Amino acid sequence: MVIYGTLIAIILLSKFLLDSKKFSKLQYCILIGVAFTLVTGLRGVDVGADTTVYYLGYESLKRIDMFSQLYATHESDFAYYLFTWVLGKLGAPFWVVTLSVSALFYYSVSKIIYKFSEDVSLSYLLLMAFNFFQFSMTGIRQTVAFSFVLLVLYDVYNKKFKFTKTIILILLGSWFHFSCLISLLIIPIALSKKTSTPMKLIITIFALALGFLFRSSLTDIILQISEDTRFNEFTAENSGGGITTYLVYFGLYILGLFYYNKYCANFQKGQIDFKILFLGILFLGLVPVQSIMFRLAWYFSIILIIYLPRLLNTMNIKEQVFVQPMVYAAVLYMYFFITKSSAAVLPYSFFWN
């Protein structure tokens, strides 16, 4: 717990340096991004619910000599196993795997935060409060896949969206984790030139409500579409939870509708935030049926790290003075009292301990 408290202290103390102009935004993001990378990348094999399993799998890969044998036994998510097999043959210890994955993920997420967040400190705290940080210490394959999706989102927001490049990045991500294919839904959002009106967005509230009411049916459809046997077997053993997170996202989405016109006027492609957040909430509504659905929601719900700071920035000064401290307090409360021990990240130890 000490290491996580230290990380939060660095985020908040560095914020004072940033606000006082002693740090640039770039320097801040580099500092915090590196801190996140080191904490998650240098963890011991017992930190994170699945890290030990990945470690044992990495050791077993070292006993495979032929490429054909590797493909025959690890066809699904093959890119990950090829990557780790090569590292194993080079004699790299397991921490090289975790550090490499962490570096890729926090490079991608910090790139998004630096370029598009209106409050970089809040963005990093949201990573911790809403379990993105914790999950990056357990779901190694999907963390790699998600890194490629973040690069897609960066291009979408930076007006550099290219269809072919996007397809390549998403397919590459899917070779690390099959679930990445769900992020193909980003493409029609990126290509859409229509601006949603507040009335249309109000209709989406009813769509989300219907999605939640018929969550069991929607979940069954998704599982039937999925051809990943391991994914289906895992979901069969996990269900329940997620209501609180769903309600928080849903409430923030509704709050944003009151500021929609100003939000979109202040931020280019701001309407994309609402569309991606809509997908995130839709999939979060399925989590009470199958907990593993959060893995699909993850590709879209991450937009919260941009959406919430932008929403606060859209408010007038008087509102900001009142709301911002409350948001920081709520986010810190959520982390320390609700999500800090998620994904079995406590107790923490470095790999050399």
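Thresholds applied
- Residues numbered from 1 in each chain as written.
- Predicted model: local features only at pLDDT ≥ 70, side-chain atom pairs only at ≥ 80, totals over all residues.
- Heavy atoms only, no water.
- Helix = DSSP H or I, 4+ residues; strand = E, 2+ residues; numbered from the N terminus.
- Contact = heavy atoms within 4.5 Å.
- Core = buried A, V, L, I, M, F, W, Y, C linked by side-chain atoms within 4.5 Å.
- Buried < 20%, exposed > 50% of the residue type's maximum accessible area, 1.4 Å probe, protein only.
- Phe/Tyr/Trp six-rings, centres within 6.5 Å; stacked < 30°, edge-to-face > 60°.

J.: Sorry, what's going on with the side chain of Lys 15 here?
T.: Note that Lys 15 resides in helix α1 (residues 2-19). Sequence-distant contacts of Lys 15, that is, excluding residues within four places in its chain, are made with Tyr 28, Asp 119, Ser 121 and Tyr 328.

J.: Got a minute to help me understand the nonpolar core in this structure?
T.: The tendency in soluble globular proteins is for nonpolar side chains to be buried as a group. Residues Tyr 4, Phe 36, Tyr 124, Leu 127, Phe 133 and Tyr 253 are the most contacted members of the largest nonpolar core, which totals 115 residues. The biggest single contributor to this core is helix α9 (residues 140-157), with 13 residues. If we ignore the near neighbours within four places in the chain, the residues touching Phe 133 are Tyr 4, Leu 7, Phe 36, Val 39, Thr 40, Tyr 106, Leu 127 and Met 128.

J.: Honestly, the environment of Cys 180 in this entry has me stumped. Any pointers?
T.: Tracing the sequence through the fold places Cys 180 in the loop between α10 (163-174) and α11 (186-191). You can call Cys 180 buried: its relative accessible area is 0%. Counting along the chain gives 38 residues from Cys 180 to Gln 142, while the straight-line C-alpha distance between them is 7.7 Å. Not counting chain neighbours up to four residues away, the residues in contact with Cys 180 comprise Ala 145, Val 149, Ile 170, Gly 173, Ser 174 and Tyr 299.

J.: Just checking my understanding: could you explain the environment of Ala 330 for this structure?
T.: Structurally, Ala 330 is set in helix α20 (residues 317-339). Here Ala 330 falls in the partly exposed class, since its relative accessible area comes to 43%.

J.: Just to check I follow, could you spell out helix α19 (residues 304-314) for this structure?
T.: Owing to its 3.6 residues per turn, the α-helix brings residues three or four apart onto one side. By the criterion of burial, α19 is predominantly enclosed, with 10 of the 11 residues buried. For α19, the full list of buried residues reads Leu 304, Ile 305, Ile 306, Tyr 307, Leu 308, Pro 309, Arg 310, Leu 311, Leu 312 and Thr 314.

J.: Help me out: how do you make sense of the packing of aromatic side chains in this one?
T.: Given two aromatic rings, one states the distance between the centres and the angle between the planes to describe the pair. Tallied over the entire structure, the rule returns 38 aromatic pairs. With a centroid separation of 5.6 Å and an interplanar angle of 75°, the aromatic rings of Tyr 55 and Phe 94 are classed as edge-to-face. Taken together, the residues Tyr 55 in helix α3 (residues 51-61) and Phe 94 in helix α6 (residues 94-116) connect sequence positions 39 residues apart. What makes Tyr 55 partly exposed here is its relative accessible area of 29%. Their ring planes at 65° and their centres at 6.1 Å tell us that Tyr 253 and Phe 274 sit as a pair that is edge-to-face. With Tyr 253 in helix α15 (residues 243-257) and Phe 274 in helix α17 (residues 270-284), the pair connects residues that are 21 residues apart, well separated along the chain. Of the residues examined, Tyr 253 reaches a relative accessible area of 0% and is grouped as buried.

J.: Would you take a moment to explain the environment of Leu 191 for this structure?
T.: Inspection of the secondary structure puts Leu 191 in helix α11. We classify Leu 191 as partly exposed; its relative accessible area is 47%. Separated by 29 residues in sequence, Leu 191 and Lys 162 place their C-alpha atoms 9.7 Å apart.

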